[in-house]
Amino acid sequence: MNNKRPYETTSIDDEDIGTKKVRHSASITISRNKCDNTHFEDLSNDLITEIFIYLDGFHIYQSFSSLNIRFQNLVASRTISLQIDGSSISKSSFENSYIDFIQLHKNRIQSLYLSNPCIIDTILSSIKHFSQLQTLIIDQIECERLEHLLTTLTCLQYLSFLSINIEPNANKTEIYNQIFMLSTLKSCKISCEDPIQLGQFLFSTNISCSIEILLISGQCYLNELDSSLSHLPQLRHLYVKQINGDSNSSTELSSPVINHLTYVSIKLDSIKFVQFEQFVKKYFQQVKQLFISTTRDMTYLEGNRWEKLIITSMSHLQIFDFHHTIKNFFDYPDDIFENLFNQFHSQFWKQQQWFFEYVPNTGEYQQGMFHSIQPYRKKYLSLGHNPDVVEKTGSMVTLYSVRHVIIQDHQAIITCSKSFPNINELTLVDQCSLQSKRFLSNEFHDIISLSQLTKLNININHLYFSDFVQILQSTPNVHILTLKSLQFFTKCGSSIQTFDNKIRKITITDHYSLRTMKILIEICPNIQHLTIGIFRESVLPTVRYLLSNQRKTLSNNLFSLYITGMNTMWTEKIQNFIESDKLLDKYVTKVIGHNFYLWW
């Protein structure tokens, strides 16, 4: 039996962290051929057990426990490990499943993903009894509960992966040391809105941390990262979203003690090449894969310096994926780039088969990019209009690794000579002309298959309603929709034609109104989660409409509402508003930082 868990990660790229959800159905049909169909219940117990490993525990219980005695026994089987995802369940369903299923089978739970902060209190009360827990992912949690949780986790002898989000006002010193004291932990992801402040680690000299994979989804300072790495002797993989230079702190680096680091993925900001050289000489002796993004210091574009550094300090390097952003490129002499880029054409780079190109316009004002031509595992790609390119040149290049494409201008569709067969996320930004004819064109379908998208981001201020509907109809498998603004140029008719879609989660980051919200709910009746901001004129009418519909069953699938950018006044106003108008019977509210969570 394959024991690989759905929550287990094999790459440390930040985009990969999370769960791979497998949609289930009690009526799954597997076709052998056109004349012979085998239904799910006809499969052997062993095969069904194998399938259950990849399904969410709540869904298994809700879908199969009441079918018949056979499935009741399979659901209750102690041989099946459980993966629990608390993000897609209503309050009433959670309460029933928790009492009747989770509490009875807590020693079978191997993976726990908690993106809903409203259920954390219930889970925390019994998590010490999840004796087989190996993976724990928590998106939002209050500071005091996080400290209590970390103390409790010391009794879980199989816990190997932990992902947490730390609030800005948290006691980072205490939290960091609690994390690094977890003796069984092999992989850890730390997320934080403000700088991570790794310098607040208070290590004891006799501590030998067991972490082998460290992901920092946030910012940290180079000198603080250095002091922390000295206490991670088993570290093999390192990912840091952004490393900043700190002119107020000493740049003297501590003595290295790690010998296993083979994978590094980092983005450097305001760090001079000479500082980076010192860091490399200390820690990168065994590195085989380096993914690095840099900016500002033009020394990073000196190929001769890189060649010397790789030969002397990274002799095991096999993959070199390099991106350097050049800002305000018009401020430099015309010939400087040609002289620098020629250094990357020496025999050394040809022997390694590491090749590069320069893109003078990436869509941002006066910003160019010098980067590897063959990115080994690049997960996303931004397509901006290059005024120097007027038509496609050469044959199409297929990029199999890209999962997310960002289109910054409609001309990028016409000039693009790349295709992305494995894309699942698409972002359209302000510079892009959102017209139906472009997204139904042959040029667009040559590079992107709309039907396989599961996440769509529309970062545009105003939308034409007909275009918005057409794009949703063209992306039938989208589950997550993010909108910068919900404003329509044209009015909609009194009767809106609905269509099938799978959108379950919607986020609106800016403007919306009660009128446009009604339209959105009618178009997307399967929505379960809605995130909006405090748009003063619209927030209270919108909340009243959404919650009133729970009684009218117009949107009876919706069970969670998140409001961002809250302060104390707005929190009290909305809580009093819900209670005084008796909009909900049973619900839970939670305030974390400036976010308000409502779950029913």
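One structure accompanies this document, and this report is about it. Being a predicted model, the structure only gives us computed values, none of them experimental.

1. Focus: the environment of Ser217
Following the sequence through the fold, Ser217 ends up in strand E8 (residues 213–221). The exposure class assigned to Ser217 is buried, which follows from its relative accessible area of 13%. C-alpha of Ser217 to C-alpha of Asn165: the two residues are 52 residues apart in sequence and 9.0 Å apart in space.

2. Remarks on the sheet that holds strand E11 (residues 289–295)
With respect to topology, twelve strands assemble into an open sheet ordered E3-E4-E5-E6-E7-E8-E9-E10-E11-E12-E14-E13, the strand pairing being mixed. Pairing within the sheet leaves two strands with one partner each, and these edge strands are strand E3 (82–85) and strand E13 (356–359). Strand-to-strand, the axes of this sheet are offset by a mean angle of 10 degrees, without reference to chain direction. As judged from the five bridges shared by strand E12 (residues 319–327) and strand E14 (residues 367–372), these two strands associate in the antiparallel manner. When the sheet's bridge partners are listed, His323 is paired in E14 with His371.

3. A closer look at helix H6 (residues 143–152)
Since the α-helix turns once every 3.6 residues, residues separated by three or four places project in the same direction. Turning to H6, its buried residues are Cys143, Leu146, Leu149, Leu150 and Thr152. Packed against the buried residues of H6 are helix H5 (120–124), strand E5 (135–138), strand E6 (161–166) and helix H7 (172–180).

4. So, the nonpolar core
Core analysis: the largest hydrophobic core is formed by 174 residues, its most contacted members being Phe52, Phe276, Phe284, Trp306 and Phe420. Among all residues touching Phe420, those that are not within four sequence positions of it are Leu381, Leu383, Leu399, Val402, Val405, Ile447, Ile448 and Gln452.

5. Topic: the pattern of salt bridges
Counting across every chain of the model gives 14 salt bridges. Between Glu212 and Arg236 there is a salt bridge, and its shortest N-O distance comes to 3.0 Å. Remark: Arg236 occurs in the loop between helix H8 (222–229) and strand E9 (237–244) and Glu212 occurs in the loop between strand E7 (187–192) and E8; sequence separation between them is 24 residues. For Arg236, a relative accessible area of 31% translates into the label partly exposed. Asp269 serves as the salt-bridge partner of Arg296, at 3.2 Å between the closest nitrogen and oxygen. Of the two residues, Arg296 sits in the loop between E11 and helix H10 (303–313) while Asp269 sits in strand E10 (residues 263–269), which places them 27 residues apart along the sequence. Relative accessible area serves as the criterion here: at 48%, Arg296 is assigned to the partly exposed category. The network of salt bridges with shared partners includes Asp121, Glu142, Glu144, Arg145 and Lys590.

6. Concerning the packing of H6 against H7
At a minimum axis distance of 9 Å, the contact between H6 and H7 shows a crossing angle of 20 degrees. Relative to H7, the element H6 is oriented roughly parallel. As H6 packs across H7, the resulting crossing turns out to be left-handed. Between H6 and H7, the residues in contact are Leu146, Glu147, Leu150 and Thr151 and Glu174, Ile175, Gln178 and Ile179, respectively. For the contact of H6 with H7, a count of residues per class yields four nonpolar, two polar and two charged.

7. Focus on the packing of helix H9 (residues 273–283) against H10
At their nearest, the axes of H9 and H10 sit 10 Å apart, and the two run at 15 degrees to each other. Considering the angle they form, H9 stands roughly parallel to H10. As H9 packs across H10, the resulting crossing turns out to be right-handed. Across the interface between the two elements, Phe273, Phe276, Glu277, Val280 and Lys281 of H9 pack against Arg305, Trp306, Leu309 and Ser313 of H10.

Thresholds applied
Residues numbered from 1 in each chain as written. Predicted model: local features only at pLDDT ≥ 70, side-chain atom pairs only at ≥ 80, totals over all residues. Heavy atoms only, no water. Helix = DSSP H or I, 4+ residues; strand = E, 2+ residues; numbered from the N terminus. Buried < 20%, exposed > 50% of the residue type's maximum accessible area, 1.4 Å probe, protein only. Pairing = 2+ DSSP bridges. Axes fitted to C-alpha atoms, helices over the stretch in contact; angles between N-to-C directions. Contact = heavy atoms within 4.5 Å. Core = buried A, V, L, I, M, F, W, Y, C linked by side-chain atoms within 4.5 Å. Salt bridge = Lys/Arg side-chain N within 4 Å of Asp/Glu carboxyl O. Parallel < 35°, antiparallel > 145°, perpendicular 65-115°, else oblique. Left-handed = near helix turned anticlockwise from the far one by under 90°. Nonpolar A, V, L, I, M, F, W, Y, C, P; charged D, E, K, R; others polar.

Purely geometric stuff here, so don't read any function into it on its own.
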